[in-house]
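If you want the building blocks of each chain, they are given just below.
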Amino acid sequence: MNSAQTIVPKKVSANIQTNGSVAVIDALMSENVTTVFGYPGGAIMPIYDALYDYIDKINHILVRHEQGAIHAAQGFARSSGEVGVVFATSGPGATNLVTGLADAQIDSTPVVCITGQVFAHLLGTDAFQETDVINITSPVTKWNYQVTDANEISDVLAKAFYIAKSGRPGPVLIDITKNAQLQMFDYKGYSPCIHVRSYRPKPIVRETYIYEAAQLINSAKKPFVIFGQGVILGKAEQEFLDFLEKSGIPAAWTIMGMSAVPTDHPLCVGMLGMHGNLAPNYMTNQCDVLIAIGMRFDDRVTGRLDKYAKQAKVIHLDIDPAEIDKNVKTTVAVWGDCKETLPLLTKHIEKRTHKAWLEEFRKLNQKEQDKIITTELNPATDELTMGEVIKLLNELTNGEAITVTDVGQHQMVACRYSHQKNTRSNITSGGLGTMGFAIPAAIGAKFGAPHREVIAIMGDGGAQMNIQELGTIMQFKPNVKIVILNNQFLGMVRQWQELFHEKRYSFTDITSPDFVMLAQAYGINGKKVTQRSNLKDTLNEMLQSNESYLVEVMVGKQDNVFPMVPQGKGVAEIVLGVDEL
Amino acid sequence: MSKQEFTLSIYTENHVGLINKIATMFTRRKISIHSLNTSPSEIDNIYRFTLVVIESAEVVQNLVKQIEKLVDVFKVFCNTNDEIIWQQMALYKVPTQTIMKDIKVERVLREFGAKAVVIREDYTIFEVTGQDDEINKFLNFLHNYNLKEFVKSARIAIIRANEGVHKKVIEMDANDPTKDPINNEFLSKKTMVFNY
Ligand SMILES: Cc1ncc(C[n+]2csc(CCOP(=O)(O)OP(=O)(O)O)c2C)c(N)n1
């Protein structure tokens, strides 16, 4: 693959006549982009042609579908903390990115997509493979822009990278017409962008509200911290840990914040949300001061808003002013990057412990343990459970792996039971809930963190969305492990049908191909597990393999995920089983 | 919360497609835009959108923050009617005959503060500049005179209190990322983020 015939200097030297496509590649190299996920086509051919001279510098991963490209770029960004980069052609190539853009937008993932576009003189003529990509993608990008003149390329791409990664990160799409890609022009070189005059990536931190927040925390009897992905995006894991340990406050994560601190940290009390743990959900309505850090009070976390933490004073730390007071009214708002605000807050708070208060969480955790977790992880029946698979993976990887999940019951189970010792270990489609995310995101995650074990966990439904990316694994050989938890149903939807639609299982029984044979067709080894006696050995074999490997585990067909905060109910109305509904 | 009229003044870069990005902020939330005007502003190359919506303060407050997040938007001011000076313009076309027969043009002009911009044998065009009630009153009146055509412009508004964003934009433009951004000055004063 790395067989570049031409030896080229690292960067194109400035002030030479070159074409727009070379300027694109030079921009990527100047931004230290090492990996691009993409798929070629007519309108982006000049860029691919320029890339051909640089294939020893830029690792281009040819995916099997553009949706795969953008999910892979998201996985890359999430595991590495760098910007994920995507190439796609005009028309269908670009529209295939839309789901991934929406996913990256709602989960604040830094991605730069470069799409080809028809010649500028053809815009608006319904030319072959012309779509109005800018208007289609406006609501699902942090910024987008169409380039029709090569002279703009460097500045626009510099701006794209800056906007994607600064402040609250997000996806940016740059649409470049073919004439601009081909146009010869005086190339002035690339300079990174550090400022956009109409854009403020983050608020300046002011001590006044830090001080107010600290006072409130110091006066609290039952404070409770809830944290989200903002801690990870801000690369503020250490600052957060310092804050937590000095304050002694119990803390719970949102699905997106998971792994910001080790999941087994003594102050961690579990996961929030619809299928989160009993204690953090219930105690949200018991605490006197709720400290929300880098999270956005999604409705899957809050349940019914008018029954959410009404008794508590709320401190909200966020980089995005639009999140403050959006869903939950704050008592003290702390605007700013938590990398900056947390250390200031830590400085002003008293060192405390909250033993008795923490004990209340532990008691509820024990209740959940007894009613749900023990049987889920150590089932007495012959049927395998999703939970026991996750438990074994924890043991076998020692909590060191990156878990990439798809969407559904297995996602909730994986996030409930995974042990994660390192940050950036939980990669999942949180805000959008995109089935088909796991395989491509795992591929990207592996390229973003080559030294880490990457395990993709998915259902039999989601596995068949974007399964074509097995082809990408076949060709580029990222070592990713694929675990399909097959309940022969679109499980999460079936669960809702069981609980809320009188078991009318309307189109949720889904048949699947022989996943192991399918993997083999792609040159990937695999095994199917139907009995507990084979499970551990098979998972071990998968992890020992120095290639990708697929394991399909047949699990209980009609297992449900509990606890659950039923839709329209408050967090304190969380139930532990069908009997409580 | 009760709904009322809010006028948003949005200062933006002059980029193609921005009108769409701003419009989708409203349509996505099923908020109808009652009036929309785009114009240059007091600063070269910076545009000013003026929009009118009828919504609750809470909804508008969130909306304003979301619009300000658009990369190409500098600043959004959100005002109730008592905080602005605002005007619209309307044009009315009536057959000159009916007008001549029944009323004295001069009297009409005086009574409604209207101006005749064109007087031809076959028709006359009046212009009224003012607020909705003035414009509507004249409209109702002319309905009795075989009104042929009517059009009303979008609202334009000047904010009473502030001095525009000129100074602020000049500073943002200074291309100095270390400089304190002015728009954060109000963040610690919650109520003032909204109205000032
Ligand atoms: C692209 C997409 N289509 C539909 C859904 C709705 N949905 C959410 S969970 C789910 C069932 C997933 O089934 P499966 O992949 O088998 O996982 P399980 O819930 O059984 O673990 C569906 C259909 C979705 N989230 N994403």
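Keep in mind it's a predicted model, so treat the numbers as computed, not measured.

Turning our eyes to something else, we now look at the overall build of chain A. For chain A, the count of helices and strands is 22 helices and 20 strands. Radius of gyration (C-alpha) of chain A: 24 Å, near the 25 Å computed for a compact globule of 581 residues. Taking the principal axes of its C-alpha atoms as reference, chain A extends roughly 70 × 60 × 40 Å. Here the contacts in chain A between residues at least 6 apart in sequence split such that 77% fall between residues at least 24 apart. For chain A, the exposed surface amounts to about 21,500 Å²; the carbon and sulfur share of it is 52%. Each charge class in chain A can be summarised by its mean position, and for the 53 positive and 61 negative side chains these summaries are 5 Å apart.

Before going further, it helps to examine the environment of P223 of chain A. All names here are of chain A. Structurally, P223 is set in strand 9 (residues 223-227). Taking the relative accessible area as the measure of exposure, P223 reaches 0% and is therefore buried. Expressed as a C-alpha distance, the spacing of P223 and P379, which sit 156 residues apart in the sequence, is 36 Å. Leave out the neighbours within four places in its chain, and P223 touches I249, P250, D288, V289, I291, H354 and W357.

A separate point is the UniProt feature "domain: Thiamine pyrophosphate enzyme TPP-binding" (unreviewed entry) in chain A. Here the UniProt feature "domain: Thiamine pyrophosphate enzyme TPP-binding" (unreviewed entry) sits at residues 406-553 of chain A. The straight-line gap between the two end C-alpha atoms of residues 406-553 of chain A is 15 Å; of that span, 39% is helix and 17% is strand.

Moving on, we come to the sheet that holds strand 14 (residues 332-335) of chain A. Residue and element names in this part refer to chain A. If you trace the 6 strands from one edge of the open sheet to the other, you get 11-10-9-12-13-14, paired in parallel fashion. One side of each edge strand has no neighbouring strand; the edge strands of this open sheet are strand 11 (268-271) and strand 14. With strand direction ignored, the average angle separating the axes of adjacent strands in the sheet is 15 degrees. Bridge analysis of strand 10 (residues 251-253) against strand 11 gives 2 bridges, and the strand direction is parallel. By the bridge assignment, W253 is partnered in strand 11 with M271. Here helix 14 (residues 338-348) sits on the sheet in contact with strand 12 (289-293), strand 13 (313-318) and strand 14, set at roughly 135 degrees to strand 13. Together, strand 9 and strand 11 form the strand contacts of helix 15 (residues 355-377), whose direction differs from that of strand 11 by roughly 40 degrees.

Here the focus is the sheet that holds strand 4 (residues 84-88) of chain A. Residue and element names in this part refer to chain A. The strand order across the open sheet built from 6 strands is 3-2-4-5-7-6, with neighbouring strands paired in parallel fashion. Looking at the sheet topology across the chains shown, the edges are occupied by strand 3 (59-62) and strand 6 (143-147). Across the sheet, the mean angle from the axis of one strand to that of its neighbour is 20 degrees, orientation sign disregarded. Together, strand 2 (35-38), strand 4 and strand 5 (111-117) form the strand contacts of helix 3 (residues 66-80), whose direction differs from that of strand 4 by roughly 170 degrees.

Cut-off values and rules
- Residues numbered from 1 in each chain as written.
- Chains lettered and ligands numbered in written order.
- Predicted model: local features only at pLDDT ≥ 70, side-chain atom pairs only at ≥ 80, totals over all residues.
- Heavy atoms only, no water.
- Helix = DSSP H or I, 4+ residues; strand = E, 2+ residues; numbered from the N terminus.
- Rg over C-alpha atoms; globule rule 2.2 N^0.38 Å.
- Contact = heavy atoms within 4.5 Å.
- Areas by Shrake-Rupley, 256 points an atom, 1.4 Å probe, with all protein chains shown as cover.
- Lys, Arg positive; Asp, Glu negative; His and termini not counted.
- Charge placed at Lys NZ, Arg CZ, Asp CG, Glu CD.
- Buried < 20%, exposed > 50% of the residue type's maximum accessible area, 1.4 Å probe, protein only.
- UniProt positions renumbered as here; feature names shortened; annotations may be inferred.
- Pairing = 2+ DSSP bridges.
- Axes fitted to C-alpha atoms, helices over the stretch in contact; angles between N-to-C directions.

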